[in-house]
Amino acid sequence: CLYMSVRFAQIYLSCAAVVCIIGAPYIVRFFSPVQEVQDVMKLFLRIVSFGFGSIEAMRFSCFCLTACGHPKLDSWVKVARVVGFQIPLAMLGWWTMKLPVLFVGTALSDILSFALSFMLAYRLVKKFPADGVEFVES
């Protein structure tokens, strides 16, 4: 289930990201008539959407951690996403005073948190017996 759900999230939301990247000029018209606001929104959609698949795949990996009896590990992954990735990368964007750096930091924090959560979930799931093999606890 872990592999199938992560693969589905990556594929489905990568397609959604392509729609957002290509359709950004048309999508932003629904939210603001001001050109400067539309430019920022287009930039946001074209950068942050690269992390769409990763953020949902991270959630599925964290669901796996919780389902396997490790809810604390799930919580620590989410804390690491915010405290370890998002805040430092947002501060880098603030320090450089460039909005694209802030948006890249957001996408990068999503990708890094997925990598962390999937690595932990994969290591946990790898310990389980294969399908059809009976689990005997010693």
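Here the structure is a predicted model, which means the values were calculated and not measured.

### Thoughts on the environment of Val-19
Right, on to step 1. Positionally, Val-19 belongs in helix α1 (residues 2-27).
Right, on to step 2. For the pair Val-19 and Ser-49, spaced 30 residues apart in sequence, the C-alpha separation works out to 9.4 Å.

### Examining the packing of aromatic side chains
Right, on to step 1. Per the stated rule, a full pass over the model turns up seven aromatic pairs.
Right, on to step 2. A centroid spacing of 5.2 Å and a plane angle of 85° characterise the contact between Phe-44 and Phe-103, whose relative ring orientation is edge-to-face. Of this pair, Phe-44 sits in helix α2 (residues 35-48) while Phe-103 sits in helix α5 (residues 99-126), and the two are 59 residues apart along the sequence.
Right, on to step 3. With 6.2 Å between their ring centres and 25° between their planes, Phe-118 and Tyr-122 make a pair best called stacked. Separated by four residues within a single helix, Phe-118 and Tyr-122 lie in helix α5, roughly one turn from each other.
Right, on to step 4. For Tyr-122, a relative accessible area of 34% puts it in the partly exposed group.
Right, on to step 5. Here the aromatic cluster, defined as three or more aromatic residues joined through ring pairs, consists of Tyr-3, Phe-114, Phe-118 and Tyr-122.

### Some thoughts on the state of the cysteines
Right, on to step 1. Under the counting rule described, the total for this entry stands at zero disulfides.
Right, on to step 2. Cysteine Cys-15 is unpaired, with the sulfur of Cys-20 as its nearest cysteine sulfur at 11 Å.
Right, on to step 3. On the basis of relative accessible area, Cys-15 is assigned to the partly exposed category, the value being 49%.
Right, on to step 4. Not engaged in a disulfide, the cysteine Cys-64 finds its nearest cysteine sulfur in Cys-68; these two sulfurs lie 4.1 Å apart.

Cut-offs used in this document
- Residues numbered from 1 in each chain as written.
- Predicted model: local features only at pLDDT ≥ 70, side-chain atom pairs only at ≥ 80, totals over all residues.
- Heavy atoms only, no water.
- Helix = DSSP H or I, 4+ residues; strand = E, 2+ residues; numbered from the N terminus.
- Phe/Tyr/Trp six-rings, centres within 6.5 Å; stacked < 30°, edge-to-face > 60°.
- Buried < 20%, exposed > 50% of the residue type's maximum accessible area, 1.4 Å probe, protein only.
- Disulfide = S-S within 2.5 Å.

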